[in-house]
Amino acid sequence: MTLLARLFVLVLLAVLPAIGIQVHGVLKFRAEREAEVAAQAERMLSLVEGEQSRIVDSARLMVTAVTEASFLRSGDTARCQEYLDRLAQRSADYRTASVAGGDGRVLCSGDPSSIGVSLAGQPHFRRAMAEDRFVIGEWTPGRSGETGGELPMAAPFYDDAGKPAGVVTLSLDVSWLTANFAARPLPDNATLTVADRAGTILVKLPGGVAQSGERLPEAHLRLLRGTADGVTTLDGLDGVPRVTAFSPAAVGVPDLFVSVGIDQRTAMGAADRATRDGLMMSLVGFLVAAAAAWIGGTLFIRRPVDALVRAARDWSAGETSARANLPDRSSEIGQLGRAFDAMADTVEARAAALRQSERHTRAVLDALPAFIGVLTPDGVVAQINHAAAEAAALPLKDIVGRPFDSICWLSFDEDGRARLRAAVASAAAGTADRFDADIRVAGGRTLSVDVGLTPMFDQQGRVTHLIASGIDITERKRTEEALRVAEERFRTGLRNSGVVVFNQDRELRYTWAHAAMLGRSPEAMLGRTDHDLFERAEDADRTTALKRRVLETGEGARAEISIRSQGEDRFFDLTVDPLRVGDRVEGVTCAAVDVTARKQAEADLSRAREEADRANEAKSRFLAAASHDLRQPVQSLYLFAAALADRLQGHPGLPMLESMRQGLDSLKTLLDGLLDMSRLESGKIAVAPTDVRLNQLLGRLVVEYGPRAAQKGLELRAIPTRAWVRTDPAHLERILRNLVENALRYTQTGRILLGCRRTAAGVRVEVWDSGVGIPADRLEDIFEEFTQLGEPNERGLGLGLAIVQRLSRLLGHRVTVRSTEGKGSVFAVELPRVVLGGAPRAAARPAIAHPAATRSGGTAAAAASLALRSVANDGATKGVVLVIDDEAIILLGLKAMLEGWGYDVLTAKSGDQALERLRADGRRPQIVLADYQLQQGRTGPEALVAVQGMVGKDVPGIILTGDTAPERLREAERNGFQILHKPVYPNDLRRMMASAGAA
């Protein structure tokens, strides 16, 4: 093949990928368009399936609710009929709901005309009884005068023995189903088909060719009977080829076939045109490239190459003066010609340089202090350096050409000569050899020499010559001997120290040990690893990991390790240091001290401590479980007591109810203390420090505890302050609440004062009272759990100050107390002060005091009057309150209490149910109360957000929760909700509802 032809083929090969890419791009565009159409069909199918699933799930929930009704188990057909009549009025989307007995006879029905009719022959009745599950039946014609037909669904119900006793059926209006899908318009040229498991069409959009009740064509029936969804291309019901995404009855929505089709010709028209145009452009480009390659190759390649080939042939024939001398030196071929000319010049220059390099190499070898010689493979000396010739004290001609092992200047003894001959033979066979020997050189000196024989190979792997070397190691031998003596002395010292010292290389093999360890002699340890020596693999894993870390980081480490030896655990204090050679870590040096006796003593002490800790943890778990489980029933008692109080106004039993409420208040206080103590002991309380303005916190405490102080005839007030501190606001408020409650509990007359003092380190918040005081010998005891002064039955469990102490330690705040028995006490919390440079601060408020508490004649009546003023009056109609809680007993209690206060109450067990109730009722609630933890992992804040999204964000919300973690408070504040902790005081709830605007 000529050069021009090859060039043409080369250009052709270069152009073909571009053409291929063009063709591939066109085909890829078509494939992507097909995939896009298929994906669009699948997305539409997914949306339709989602809507269908929602409808079926709604029907399933309705049927399941009926199957769980108590009147089915009791056989009360009258209640059943009443329930189904109400259901028929509220569920316009469904035509008929019926209950049939095990024999198929309809017992009760939303269509009274169906009572007594037998369903035993209906497929959905038989399948529900046989398969013992919710099923979707087959299309049935509608009653006279109704169009579209019905889609029956059924689920079995059970008797008291758990056996199927009959079936609850529900008929879905197919016309409504069609209208529901028609309300969601399809894209142009798209169709939707829904059929039952028997292939009867339920929905066909857009309408026209096929209607509800007709049977699917055979091609669609094959898809219906399939076991996997997918996308295919087939003629639609209107005969138009369509890209169809389908979901068989066996997958997707059970017992229903769903397909979505897109007109293939309309969707792929642009892609077909682009494919045709792209292929035509590719053909034209190929022809133009071929013509350009042929013409350009002749003019610019073939002629210059012929000239270059002629010059190369002349140069190869020995005419080193031959040059290409191409006139065009700017093109690639011209540069190749210039490179050829330069190559000829370079070859001649390198030949001269090679001769000069050989002279330099000879000079270097002669300057080396080592003995160097070049031997033939049979051991004859071919060349030696100057040092070797001087040591032999022989002329060069008497050395070169003689056998290496017979030269007299290499004065080996007989054993040395035998070793030398073996080394030469080994090197001649292709294996390098090396050994130490003593030789006698000129002048009678004896040297220790490191002798080496190294073979050199040609390209075929044959030995061409041997390099013999001899390095003077006399000084190294002397140093090794000195080190050996020093090592013996070192071993003797270590042997009497009680410490085992050893070295390991980078693979952690023992290279040296001064004494026995774990019953093994130093010799038995050499060359082995910890995994070879230790009885337990996990012991070796721990020590190996420690030593590997030292090897990798180059930093020493120390740890106490446990090693199983001879049936017992031995403990060692192990120190590991890197063993360096120059700048490289070549291993580790370890020192191990047996500390088994000390560890045994520590283990005995640790076991005793663990037993005490387990007892303490068991107590904490018990307290936490007991307090949590009691919160819900206590809450329900609060709610029913509040509802009962509204109904017993003026009744002789009202004082007894008030005593029960006081007992519930005490029980709530005890539960709060138990839960807080258990959370503190478990270490599950987190700290989130921030800047806190003390004036607002103290004011809030005065407003909250003012009524209680007024009931006892006490004055409660706070001194205004501008101080800001750095702390966790929730935990600090809990500390101050406990201190205020403690002051209220132990103060019978006088006053309680809250105030702040600046200190050198920050701010000290103080709580003063004029109570009974604390004996000097009990100032430390009062912070212990279950410690109290006075009569225990009147004071609670004695956990309030213990919680204060533990929370202050958690926050890093110091708590102090000083007291005079009979005069009162002062509790103080020391906090770090925050200086807000240039930041705007609110003006200091005047002294904060509850109105009923500042008057000397304050009484319980005054406090009650204040409470009445803080809420709206109990008019006949106060508006609607929405209550969300997943526990029925709590819903009933809240409903009874709120209705007693004059509210209309809507109840729901979930956020979704709440939205349904609001839609059905049509009124806008004044406020929403929600439990935090709802069913299925949902939360109250989520439900409140959904309700506000429906009725407006200005509707306030209150979260009721038994979780006292600060995270709950922060979550509520973040969403703009208020929070109350269970058990909830009815008065607290009433005040919070009033403050939120639900008067």
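Residues numbered from 1 in each chain as written. Predicted model: local features only at pLDDT ≥ 70, side-chain atom pairs only at ≥ 80, totals over all residues. Heavy atoms only, no water.

Chemist: So what exactly am I meant to see when it comes to a negative patch on the surface here?
Modeler: Taken together, the side chains of Asp-413, Glu-414, Asp-415 and Asp-438 define an acidic patch exposed on the protein surface. For Glu-414, the location among the structural elements is in helix H10 (residues 414-428). By relative accessible area, which is 55% here, Glu-414 ends up exposed. (Patch = residues over 30% accessible without salt bridge, like charges linked within 9 Å, V, L, I, M, F, W, Y side chains within 5 Å. Areas by Shrake-Rupley, 256 points an atom, 1.4 Å probe, with all protein chains shown as cover. Salt bridge = Lys/Arg side-chain N within 4 Å of Asp/Glu carboxyl O. Lys, Arg positive; Asp, Glu negative; His and termini not counted. Charge placed at Lys NZ, Arg CZ, Asp CG, Glu CD. Helix = DSSP H or I, 4+ residues; strand = E, 2+ residues; numbered from the N terminus. Buried < 20%, exposed > 50% of the residue type's maximum accessible area, 1.4 Å probe, protein only.)

Chemist: How should the UniProt feature "modified residue: 4-aspartylphosphate" (unreviewed entry) in the protein be read in this particular structure?
Modeler: Following the UniProt record, one finds the feature "modified residue: 4-aspartylphosphate" (unreviewed entry) at Asp-931. Its place among the elements puts Asp-931 in strand S31 (residues 927-931). Beyond its immediate sequence surroundings of up to four residues, Asp-931 is in contact with Ile-884, Asp-885, Asp-886, Gly-940, Leu-960, Thr-961 and Lys-982. (UniProt positions renumbered as here; feature names shortened; annotations may be inferred. Contact = heavy atoms within 4.5 Å.)

Chemist: So what exactly am I meant to see when it comes to the pairing of strand S30 (residues 904-908) here?
Modeler: Each regular strand displays side chains that alternate between the two surfaces of the sheet. Across the five residues that make up S30, a large majority, four, are buried. Of the strand pairs in this sheet, strand S29 (residues 880-884) and S30 are connected by five bridges, and their pairing is parallel. Within the sheet, the bridge partner assigned to Val-881 lies in S30 and is Val-905. Handedness of the crossover joining S29 and S30 through helix H23 (residues 888-900): right-handed. (Pairing = 2+ DSSP bridges. Right-handed = clockwise from strand over helix to strand, strands pointing away.)

Chemist: Would you take a moment to explain the sheet that holds strand S32 (residues 957-961) for this structure?
Modeler: Either a parallel or an antiparallel arrangement is found when strands of a sheet pair, and the pairing is made through backbone hydrogen bonds. One open sheet holds the five strands; their spatial order is S30-S29-S31-S32-S33, and the pairing between them is parallel. Edge strands, defined here as strands with exactly one partner in the open sheet, are S30 and strand S33 (978-981). For this sheet, the mean angle separating the axes of adjacent strands, direction not counted, is 20°. Pairing analysis gives four bridges linking S31 to S32, with the strands arranged parallel. (Axes fitted to C-alpha atoms, helices over the stretch in contact; angles between N-to-C directions.)

Chemist: Any chance you could explain the packing of helix H17 (residues 694-711) against helix H18 (residues 729-746) here in plain terms?
Modeler: For any two helices packed against each other, one specifies the inter-axial angle together with the distance between the axes. The geometry of H17 relative to H18 is characterised by a closest axis approach of 11 Å and an angle of 35° between their N-to-C directions. Crossing of H17 over H18 shows right-handed handedness. Of H18, the residues touching H17 (which contributes Leu-694, Leu-697, Leu-698, Arg-700, Leu-701, Glu-704, Tyr-705, Arg-708 and Ala-709) are Leu-732, Glu-733, Leu-736, Arg-737, Val-740, Glu-741 and Leu-744. Split into classes, the residues belonging to the contact of H17 with H18 amount to ten nonpolar, no polar and six charged. (Left-handed = near helix turned anticlockwise from the far one by under 90°. Nonpolar A, V, L, I, M, F, W, Y, C, P; charged D, E, K, R; others polar.)

Chemist: Looking at this structure, how should I read helix H5 (residues 174-182)?
Modeler: Owing to its 3.6 residues per turn, the α-helix brings residues three or four apart onto one side. Listed in full, the buried residues belonging to H5 are Val-174, Leu-177, Thr-178, Asn-180 and Phe-181. Down the axis of H5, the sector holding all buried residues measures 160°, keeping them to one side. The backbone nitrogen of Ser-175 has a side-chain oxygen 3.0 Å away, supplied by the residue at the start of H5, namely Asp-173. (Arc of directions from axis to C-beta. Polar contact = N/O pair within 3.5 Å; in protein donor to acceptor, adjacent residues only side chain to side chain.)

Chemist: Sorry, what's going on with the pairing of strand S25 (residues 763-769) here?
Modeler: Of all seven residues making up S25, five are buried, and the element is well covered by its neighbours. Here strand S24 (residues 751-758) folds back onto S25 in antiparallel fashion, the turn holding four residues. Here S25 runs beside strand S27 (residues 824-831); their pairing, made up of seven bridges, is antiparallel. Across the sheet, the residue bridging to Arg-764 is Glu-830, located in S27.

Chemist: What is the right way to read the confidence of the model for the protein from this model?
Modeler: In low-pLDDT segments, the atomic positions of the prediction should not be examined closely. Of all residues in the protein, 83% have pLDDT values of 70 or greater, and the mean over the chain is 79. Residue range residues 791-795 is modelled with pLDDT below 50. Its contacts to residues more than four positions away, or to other chains, number four contacts. Low pLDDT (under 50) marks residues 838-876, which in the prediction has 64 contacts with non-local residues, meaning those over four places away or in another chain. (pLDDT = per-residue confidence, 0-100.)

Chemist: Would you explain a nonpolar patch on the surface in this entry?
Modeler: Taken together, the side chains of Met-280, Leu-283, Val-284, Leu-287 and Val-288 define a hydrophobic patch exposed on the protein surface, amounting to about 490 Å² of accessible area. Following the sequence through the fold, Val-284 ends up in helix H7 (residues 264-316).

Chemist: Can you walk me through the packing of aromatic side chains in this structure?
Modeler: Aromatic rings in a pair are described by how distant their centres are and how their planes are angled relative to each other. In total, this model carries two aromatic pairs according to the counting rule given. Seen from their ring centres, Phe-71 and Tyr-83 are 5.5 Å apart, and the 50° between their planes marks the pair as tilted. Residue Phe-71 is found in helix H2 (residues 70-74), and its partner Tyr-83 is found in helix H3 (residues 77-90); the two are separated by twelve residues along the sequence. Since its relative accessible area comes to 5%, Phe-71 is described here as buried. Note on Tyr-83: relative accessible area 26%, which makes it partly exposed. Arranged with centres 5.2 Å apart and planes meeting at 50°, the rings of Phe-502 and Tyr-510 form a pair that is tilted. An identical accessibility class is assigned to Phe-502 and Tyr-510; each is buried. When the ring centre of Trp-901 is taken as reference, the NZ or CZ atom of Arg-990 above it lies at 4.8 Å. (Phe/Tyr/Trp six-rings, centres within 6.5 Å; stacked < 30°, edge-to-face > 60°. Lys NZ or Arg CZ within 6 Å of the ring centre and 35° of its normal.)

Chemist: What am I meant to see in the state of the cysteines here?
Modeler: Covalent bonding between the sulfur atoms of two cysteines defines a disulfide. Tallying each qualifying case throughout the model produces one disulfide. The disulfide bridge from Cys-80 ends at Cys-108, spanning 1.8 Å between sulfur atoms. Across the S-S bond linking Cys-80 and Cys-108, the dihedral sits near 50°, which makes this disulfide right-handed. Within this pair, whereas Cys-80 is found in helix H3, its partner Cys-108 is found in strand S2 (residues 106-109), the two being separated by 28 residues in sequence. A relative accessible area of 2% places Cys-80 in the buried class. (Disulfide = S-S within 2.5 Å.)

Chemist: Just to check I follow, could you spell out the side chain of Gln-948 for this structure?
Modeler: Take Gln-948: it is sitting in helix H25 (residues 940-951). According to the relative accessible area criterion, Gln-948 is buried, its value standing at 11%. Polar contacts involving the side chain of Gln-948 include one to the main-chain carbonyl oxygen of Val-955, which spans 2.9 Å. When near neighbours in sequence (up to four residues on either side) are disregarded, Gln-948 contacts Lys-953, Val-955 and Phe-977.

Chemist: Can you help me understand the sheet that holds strand S17 (residues 510-513) in this one?
Modeler: Read across the open sheet, the five strands follow the order S17-S16-S20-S19-S18; overall the sheet is antiparallel. At either margin of the open sheet sits one strand with a lone partner, and together these are S17 and strand S18 (557-565). Neighbouring strand axes in the sheet, compared pairwise and without regard to direction, differ in orientation by 30° on average. As defined by bridge partners, strand S19 (residues 568-581) adjoins strand S20 (residues 584-594) across ten bridges and the pair is classed as antiparallel. For Val-581, the partnering residue across the bridge sits in S20 and is Arg-584. Contacts from helix H14 (residues 537-553) reach strand S16 (500-505), S17, S18, S19 and S20, with the element oriented near 155° to S18.

Chemist: For this particular structure, what's the right way to read the packing of helix H24 (residues 911-921) against H25?
Modeler: Where H24 meets H25, the closest approach of the two axes is 9 Å, and the angle between their N-to-C directions is 25°. Between H24 and H25, the angle is such that the two are roughly parallel. Both H24 and H25 take part in a crossing whose hand is right-handed. Where H24 abuts H25, its residues Gly-911, Ala-914, Leu-915, Leu-918 and Arg-919 lie against Ala-943, Ala-946, Val-947, Met-950 and Val-951. Of the residues that constitute the contact of H24 with H25, the class distribution is eight nonpolar, one polar and one charged. (Parallel < 35°, antiparallel > 145°, perpendicular 65-115°, else oblique.)

Chemist: Where do I start with H24 in this structure?
Modeler: Taken as a whole, H24 has its buried residues at Gly-911, Ala-914, Leu-915 and Leu-918. On an axial view of H24, the arc spanned by its buried residues comes to 100°, and they lie on one face. Residues Glu-916 and Ala-920 are exposed on H24 and point more than 90 degrees away from its buried face. At its buried positions, H24 is contacted by S29, S30 and H25. One or two residues past the end of H24 sits Gly-922, with phi positive at roughly 85°.

Chemist: Help me understand the nonpolar core, please; the structure alone is not making it clear to me.
Modeler: A general trend in soluble globular proteins is that nonpolar side chains are found buried together. Judged by nonpolar contacts, the single largest core of 48 residues is most densely connected at Leu-72, Val-99, Leu-151, Met-153 and Leu-192. When residues of this core are assigned to their parent elements, the largest contribution, twelve residues, is made by helix H1 (residues 3-67). Each of two domains, domain 1 (28-56 + 177-268) and domain 2 (69-173), supplies a minimum of three residues to this core. Non-local contacts of Leu-72, meaning those with residues more than four positions away in its chain, are made with Val-66, Thr-67, Cys-80, Val-99, Phe-157 and Val-168. Of all hydrophobic cores here, the second largest spans 38 residues; its members include Val-692, Ala-718, Leu-744 and Leu-811. (Core = buried A, V, L, I, M, F, W, Y, C linked by side-chain atoms within 4.5 Å. Domains from an automatic or database assignment.)

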